[in-house]
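# Structural characterization, general
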Amino acid sequence: MTDVLASRSFRGLATEDAINDVHNDMDSLWLDVPFVNDMDQMTFTTAVIESASNIVQHAEPAAADPVELGVDITVEPLLLQARVSAYNAKPPFGPMEPATPGEDAESGRGLALIQALVTTVTFERQDGTSTWVLSRTSSQD
Amino acid sequence: MEFSYEVKDSYAEVKADGRLNMVSAPKLREFVTDVIAGGSNRIVVNLENTAFMDSSGLGALIGCLKAARQAGGDLRIAAVQPQVKMVLQLTSMDKVLTAYPSVEEAFSND
């Protein structure tokens, strides 16, 4: 049985505005769980925003309906978890493996950065929805 | 995110206040490009009030760095906050975009 101490859920069209909405949700989430240390807050927020941005930038609609972004975040005593989903999106979209861009490259660092920020990243595909599950084991102060 | 700039003696200071993400990254690139086109090719980006940067924002800074160098100058960053410093280190881009403690120190030895 899980012990969810705080959570936030977002769902909306996968547009640029959604990125700031999700970021605002996360800022308010941390106010509910001040015991989560600054490093965990910082790293997890960065990973979630990177993943959501990846969907907004790269997801393509599977049919007539536009792609929607879903972000469901839960905070447990020792675990931060986010399910970042692309609804109505073609499978798969974008590269699934981190790239190693040159130092003057202006893009291509997102997936590697996500992997460096969280403990595990898994991908699920079900009923027309692609979901990245980001988990970070919360560190103890 | 809000941008502003001020031309100093030997460089132009660009302030970027807010979140440097996929929304604001193209705007930073455009803003700095205009500053360079205005005749300043030595740029210091003041990140004192940039609380967040993602890989899109990092890409924009790299693009601005390349633009400044193509114009015969350089771009440096200053007053980097912890989250931005973390992204620079995790991507190893702290070696390319050297962070200076203050705007004044960025070009002080040139």
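As named in an unreviewed UniProt entry, chain B is Anti-sigma factor antagonist, taken from Pseudarthrobacter chlorophenolicus. Of the comments in the UniProt record for chain B, the one headed Sequence similarities (unreviewed entry) reads "Belongs to the anti-sigma-factor antagonist family."

Another aspect to go through is the packing of helix 1 (residues 16-32) of chain A against helix 2 (residues 38-58) of chain A. Residue and element names in this part refer to chain A. Two elements in contact, helix 1 and helix 2, have axes separated by 10 Å at closest approach and are oriented at 160°. Taken together, the axis directions place helix 1 and helix 2 in an arrangement best described as roughly antiparallel. Crossing geometry of helix 1 relative to helix 2 is assigned as right-handed. Of the residues in helix 2, those in contact with Glu16, Ile19, Val22, His23, Met26 and Trp30 of helix 1 are Gln41, Phe44, Thr45, Val48, Ile49, Ala52, Ser53 and Val56. The residue inventory of the contact of helix 1 with helix 2, partitioned by class, reads nine nonpolar, four polar and one charged.

Bringing the interface of chain A and chain B into the picture now. In this assembly, 25 residues from chain A lie in contact with 23 residues from chain B. In total, chain A and chain B occlude about 2000 Å² of area from one another, counting both sides; carbon and sulfur atoms represent 62% of this. The largest per-residue losses of area from chain A upon contact with chain B belong to Met42(A), Glu106(A) and Arg109(A), which jointly make up 29% of the total buried on that side. Put simply, chain A and chain B have three salt bridges between them. Of the charged contacts, one joins Arg29(B) and Glu106(A) as a salt bridge, the two residues approaching to 2.1 Å between their closest N and O atoms. Counting the contacts that link chain A with chain B gives eight residue pairs in polar contact (both at pLDDT 80 or more). Breaking the side of chain A that touches chain B down by element, the ones donating at least two residues are helix 1, helix 2 and helix 3 (110-117) of chain A. Considering only residue class, the side of chain A that touches chain B consists of nine nonpolar, nine polar and seven charged.

Another aspect to go through is the pattern of salt bridges. Residue and element names in this part refer to chain A. Enumeration over the complete set of coordinates arrives at 11 salt bridges over all chains. Note that lysine 90 and glutamate 60 form a salt bridge whose closest N and O atoms lie 3.4 Å from each other. In this pair, lysine 90 is assigned in the loop between strand 3 (79-87) and helix 3 and glutamate 60 in the loop between helix 2 and strand 2 (68-76), connecting sequence segments 30 residues apart. Given the relative accessible area of 39%, lysine 90 is considered partly exposed. Take glutamate 60: its relative accessible area is 43%, and that puts it in the partly exposed class.

Rules of the game
- Residues numbered from 1 in each chain as written.
- Chains lettered and ligands numbered in written order.
- Predicted model: local features only at pLDDT ≥ 70, side-chain atom pairs only at ≥ 80, totals over all residues.
- Heavy atoms only, no water.
- UniProt positions renumbered as here; feature names shortened; annotations may be inferred.
- Axes fitted to C-alpha atoms, helices over the stretch in contact; angles between N-to-C directions.
- Helix = DSSP H or I, 4+ residues; strand = E, 2+ residues; numbered from the N terminus.
- Parallel < 35°, antiparallel > 145°, perpendicular 65-115°, else oblique.
- Left-handed = near helix turned anticlockwise from the far one by under 90°.
- Contact = heavy atoms within 4.5 Å.
- Nonpolar A, V, L, I, M, F, W, Y, C, P; charged D, E, K, R; others polar.
- Buried area = accessible area lost by both parts, 1.4 Å probe.
- Salt bridge = Lys/Arg side-chain N within 4 Å of Asp/Glu carboxyl O.
- Polar contact = N/O pair within 3.5 Å; in protein donor to acceptor, adjacent residues only side chain to side chain.
- Buried < 20%, exposed > 50% of the residue type's maximum accessible area, 1.4 Å probe, protein only.

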